[in-house]
Amino acid sequence: MKRRKLLQSIALSAGAMVILPSWAQGWSQERIITTQVFKIEEKEMLRLIAGTFIPEGTSKGANGVGVERFLDKLFSDCYTEGDQHKIKTAIQSLSLQADLNHHLSFGACSAAQREGLLLDLEKSAEHLWAYTTLRAETIRGYTTSEYVLTEHYHYVMAPGFYHGCENV
């Protein structure tokens, strides 16, 4: 190796060592997942809606595998502003209907009451697209989660095994 290349790589390594600690401190799961499209209340409603579609039982439900984070990121990154507005409007409509019908917030309603509110949302022509999208994406987020793939579908990342020292 030539002296100039050696000095260049040492300088580059020293610069990286100085910058790396400040860069690495900014990483956290909460910071990566946070989006600016949905408010905290709307993210909580996404969690409640996902938990109503796929409740906890003997195995993990939608909330147990983190489908609400998937929905938040998916709607923020992959859907247009118009579609995001439709979903936000449907979420607000659910909150309003829960208050009107049961005098409770959507989260305070029982599972049967939340299911009824979601079925009413499905019957609404204005919110049918939002209901169908929320349901389909919740199911997709759940069925493609690591928990479901490994525990129920017995998915193996790299199928086929290498057994080296086998007698022939």
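Going by the structure above, here's the rest.
Now for a description of the structure that goes with this document. Just so it is clear, the structure is predicted and the values come from calculations on it, not from any experiment.

### Points about a nonpolar patch on the surface
There is a patch of nonpolar side chains on the surface, built from Leu 6, Leu 7 and Ile 10 and spanning about 280 Å² of accessible area. By the secondary structure assignment, Leu 6 is in helix 1 (residues 3-25). Assessed through its relative accessible area of 39%, Leu 6 is described here as partly exposed.

### Details of the pattern of salt bridges
Tallied over the full model, the rule gives four salt bridges. One salt bridge in this structure joins Asp 72 and Lys 43, with 3.7 Å as the shortest N-O distance. Note that Asp 72 is positioned in helix 5 (residues 67-78) and Lys 43 in helix 3 (residues 40-53), a separation of 29 residues in sequence. You can call Lys 43 partly exposed: its relative accessible area is 23%. Here Glu 44 makes a salt bridge to Arg 47, at a shortest N to O gap of 2.5 Å. In this pair, Glu 44 and Arg 47 are both assigned in helix 3, three residues apart and thus about one turn of the helix distant. Classification of Glu 44 as partly exposed rests on a relative accessible area of 34%.

Procedures and definitions
- Residues numbered from 1 in each chain as written.
- Predicted model: local features only at pLDDT ≥ 70, side-chain atom pairs only at ≥ 80, totals over all residues.
- Heavy atoms only, no water.
- Patch = residues over 30% accessible without salt bridge, like charges linked within 9 Å, V, L, I, M, F, W, Y side chains within 5 Å.
- Areas by Shrake-Rupley, 256 points an atom, 1.4 Å probe, with all protein chains shown as cover.
- Salt bridge = Lys/Arg side-chain N within 4 Å of Asp/Glu carboxyl O.
- Helix = DSSP H or I, 4+ residues; strand = E, 2+ residues; numbered from the N terminus.
- Buried < 20%, exposed > 50% of the residue type's maximum accessible area, 1.4 Å probe, protein only.

By themselves these figures say nothing about function.
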